[in-house]
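Here is what each chain is made of, one letter per residue.
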Amino acid sequence: MWNMHGNRVMHMNQPIGNGMQPAYSMQPGLQPLGVMPPAVIVQPTQMGKVPRVMECPACHEQIETNVQHETSMFTHLVALVLCICFFPVACVPYCIKTCKSANHYCPKCGAFLGGQN
């Protein structure tokens with residue numbers, strides 16, 4: 001195809017010389033789709049209620065886990081039952097560690113490592 005000045009004009013879908021489409025370059029540092037590195041998924045595990053010595057999967061350090069006891073659905077259900085049966089002791093489950101979930105965290109990087117309900 002020619003323009004009014006006599007120069008040849010190429011369209012994007014028109015083959016070039018040997019019938020090949022032009023190659024498009026990507027910006028440096030970008031990868032084309034489908035060449036992404038595989039994602040690493042770390043599944044939290046059942047850890048118990050006491051600290052545990054292990055290798056942290058996030059920072060790969062040998063650590064003893066920090067255990068934080070946090071209220072859970074079980075804590076609220078026990079408190080509800082106590083509220084219905086005997087109101088004055090309804091707050092006791094919030095003060096007892098055995099009624100709470102034990103969540104384990106890495107002391108170095110703070111990653112969640114697992115828990116015990």
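Keep in mind it's a predicted model, so treat the numbers as computed, not measured.

## Things to note about the overall build of the chain
- A tally of helices and strands in the chain yields one helix and six strands.
- Reading the chain from its N end, one meets helices and strands in the order β-β-β-β-α-β-β.
- Counting only residues that meet the buried cut, the chain has 17% of its 117 residues in that class.
- Put simply, 51% of the contacts in the chain that link residues at least 6 apart link residues at least 24 apart.
- Of the roughly 9,300 Å² of accessible surface on the chain, 63% is carried by carbon and sulfur atoms.

## Let's talk about the side chain of S72
- Take S72: it is sitting in the loop between β4 (66-70) and α1 (73-85).
- Here the side chain of S72 touches S101 through a polar contact of 3.4 Å, side chain to side chain.
- Those residues within four positions of S72 in sequence are excluded, and the remaining contacts are C99 and S101.

## Overview of a nonpolar patch on the surface
- On the surface, M73, L77, L80 and I84 cluster together to form a nonpolar patch covering roughly 450 Å² of accessible area.
- Residue position: I84 is located in helix α1.

## Here's the deal with the pairing of strand β5 (residues 101-105)
- In terms of burial, β5 is largely enclosed, as four of its five residues are buried.
- As paired elements, β4 and β5 share five bridges and run antiparallel to each other. Paired with N66 across the strands is Y105, a residue of β5.
- Of the pairings in the sheet, the one linking β5 to strand β6 (residues 112-116) comprises four bridges and is antiparallel in character. Opposite A102, over in β6, you have Q116 as the bridge partner.
- Between the antiparallel neighbours β5 and β6 lie six residues, among them G110 with a positive phi of about 80°.

## Focus on the state of the cysteines
- This model, assessed by the stated rule, comprises zero disulfides.
- For C83, which is in no disulfide, the shortest distance to another cysteine sulfur is to C85 and amounts to 9.5 Å.
- Its sulfur unpaired, C106 is 3.7 Å from the next cysteine sulfur, which belongs to C109.
- Taking relative accessible area as the criterion, C106 reaches 3% and is therefore assigned buried.

The rules we used
Sequence order as written defines residue numbering, which begins from 1 separately in each chain. Two thresholds apply to this predicted model, a pLDDT of at least 70 for residue-level local features and 80 or more for giving and counting side-chain atom pairs, whereas whole-chain, interface and lining totals are computed over all residues. Hydrogens and water molecules were not included; the side-chain quantities draw on all heavy atoms of the structure. Secondary structure elements follow DSSP: runs of H or I of four or more residues count as helices, runs of E of two or more count as strands, with numbering from the N terminus. Buried means the residue's accessible area, taken with a 1.4 Å probe over protein chains only, is under 20% of the maximum for its type, while exposed means over 50%, and partly exposed covers the values in between. Note on contacts: a residue pair qualifies if any of its non-hydrogen atoms lie within 4.5 Å across the two residues. Using a 1.4 Å probe, accessible areas were evaluated by the Shrake-Rupley method; residue-level cover was limited to the displayed protein chains. Nitrogen and oxygen atoms within 3.5 Å of one another constitute a polar contact, given that in protein one can donate a hydrogen and the other can accept it, and given that sequence-neighbouring residues count only through two side-chain atoms. Grouping into patches uses exposed residues only, defined as over 30% relative accessible area, and leaves out salt-bridged ones; the cut-off is 9 Å for like charges and 5 Å for nonpolar side chains (Val, Leu, Ile, Met, Phe, Trp, Tyr). Take a side-chain nitrogen of Lys or Arg and a carboxyl oxygen of Asp or Glu: if they are within 4 Å of each other, that pair is a salt bridge. Between any two strands, at least two bridges found by DSSP are needed for them to pair. Only a pair of cysteine sulfur atoms within 2.5 Å counts as a disulfide in this structure description.

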